[in-house]
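Topology and contacts: notes
Single-letter residue listing:
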Amino acid sequence: MKIRCDCGGIIVDQTDYLPYKGHLISDQDWFDFLDAIDRAIEKSGPADKDKERAAMSIRRMAAHLTKLIYQCTCCGRLYVSNEEENLETFVKPEPFEGKSILASSLGGNWKRPLIGDWDDSRKGSIKGYLWCMDLKEGEGSFDSWGNLEETYYDTLLDLKEKNNSCGEAKVSL
Ligand SMILES: [Zn+2]
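What comes next is a walk through the structure. (Residues numbered from 1 in each chain as written. Predicted model: local features only at pLDDT ≥ 70, side-chain atom pairs only at ≥ 80, totals over all residues. Heavy atoms only, no water.)

**What to know about the nonpolar core**
The biggest cluster of nonpolar side chains holds 10 residues, and these are L114, W118, L130, C132, L135, F142, L148, Y152, L156 and L159. Counting residues per element, this core draws most heavily on helix 3 (residues 145–161), which supplies 4 residues. Look past the residues within four positions of L135 in its chain and what remains in contact with it is L130, G140, T151 and T155. With 9 residues, the next largest nonpolar core counts I11, Y20, Y70 and C75 among its residues. (Core = buried A, V, L, I, M, F, W, Y, C linked by side-chain atoms within 4.5 Å. Buried < 20%, exposed > 50% of the residue type's maximum accessible area, 1.4 Å probe, protein only. Helix = DSSP H or I, 4+ residues; strand = E, 2+ residues; numbered from the N terminus. Contact = heavy atoms within 4.5 Å.)

Right, dumping it as structure tokens:
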């Protein structure tokens with residue numbers, strides 16, 4: 001999805017972990033949501049299947065109770081989805097200084113994901129991809145497993161040194 005802001009900026013929503021997108025929940029719904037999490041933990045049943053069902057019901061409830069909110073990175077305008085799935089606009093009265101109000105509450109210490117994917121059966125020379133917010137445009141496509149692996153571990157080390165990685169190697173082959 002792309003939103004064309006009134007200032008001319010474009011808000012792009014095509015990946016996860018966006019620092020200018022949030023999920024908004026009303027205080028009227030917040031405590032029902034917390035109660036549902038408590039129930040899922042305490043009363044879901046002992047089997048793995050019970051736990052999975054409880055976890056999925058929490059995810060469904062989260063999707064149902066939350067509205068999407070976006071902030072234009074150019075002018076700071078806020079866009080909030082309403083019941084009709086339209087976007088309502090809120091304009092910031094002061095000049096925008098570029099600080100996102102929707103970025104992680106952990107700020108610079110947010111542990112960003114590093115995701116790698118390699119598939120020999122892909123057509124063309126590019127067989128693998130790495131996704132991480134710290135990689136620049138064009139740095140995430142690979143025609144060599146060795147290069148992908150090296151970039152993956154260099155990036156992981158870099159993130160660990162900056163305390164920005166959860167350290168989980170998420171590579172699907
Ligand atoms: Zn804007």
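**Quick look at the packing of helix 1 (residues 27–43) against helix 2 (residues 48–65)**
As a packed pair, helix 1 and helix 2 sit with axes 9 Å apart at the nearest point and diverge in direction by 170°. Classified by the angle between their axes, helix 1 and helix 2 sit roughly antiparallel to one another. Across from D29, D32, F33, A36, I37 and A40 in helix 1, the residues of helix 2 making contact are A54, I58, M61, A62 and L65. Classifying every residue of the contact of helix 1 with helix 2 by side-chain character gives 9 nonpolar, no polar and 2 charged. (Axes fitted to C-alpha atoms, helices over the stretch in contact; angles between N-to-C directions. Parallel < 35°, antiparallel > 145°, perpendicular 65-115°, else oblique. Nonpolar A, V, L, I, M, F, W, Y, C, P; charged D, E, K, R; others polar.)

**Here we look at the coordination of the zinc ion**
Angles at a metal have ideal values that depend on geometry: 109.5 degrees with four tetrahedral donors, 90 or 180 degrees with six octahedral donors. The protein atoms donating to the zinc ion are C5 (SG), C7 (SG), C72 (SG) and C75 (SG), with metal-donor distances spanning 2.2 to 2.3 Å. Relative to the metal, the 4 donor atoms surrounding the zinc ion lie at angles of 106 to 112°, and the coordination shape comes out tetrahedral. Site description for the zinc ion: donor spacing in sequence, C-x1-C-x64-C-x2-C. With a relative accessible area of 1%, C72 lands in the buried category. (Donors = N, O, S within 2.8 Å, 3.2 Å for Na, K, Ca; no water. Tetrahedral: all angles 85-135°; square planar, octahedral: opposite > 155°, others 65-115°.)

**Observations regarding the sheet that holds strand 4 (residues 66–71)**
In space, the 4 strands of this open sheet follow the order 3-4-5-6, with antiparallel pairing throughout. In the strand order of this sheet, the two ends are held by strand 3 (21–25) and strand 6 (87–90), each with one partner. Recorded for the sheet is a direction-independent mean angle of 30° between the axes of neighbouring strands. For strand 4 and strand 5 (residues 78–81), the ladder comprises 3 bridges, and the chain directions are antiparallel. Bridge assignment links Y70 to a residue of strand 5, and that residue is Y79. Packed on one face of the sheet, helix 2 meets strand 3 and strand 4 and runs near 60° to strand 4. (Pairing = 2+ DSSP bridges.)

Purely geometric numbers; function is a separate question.
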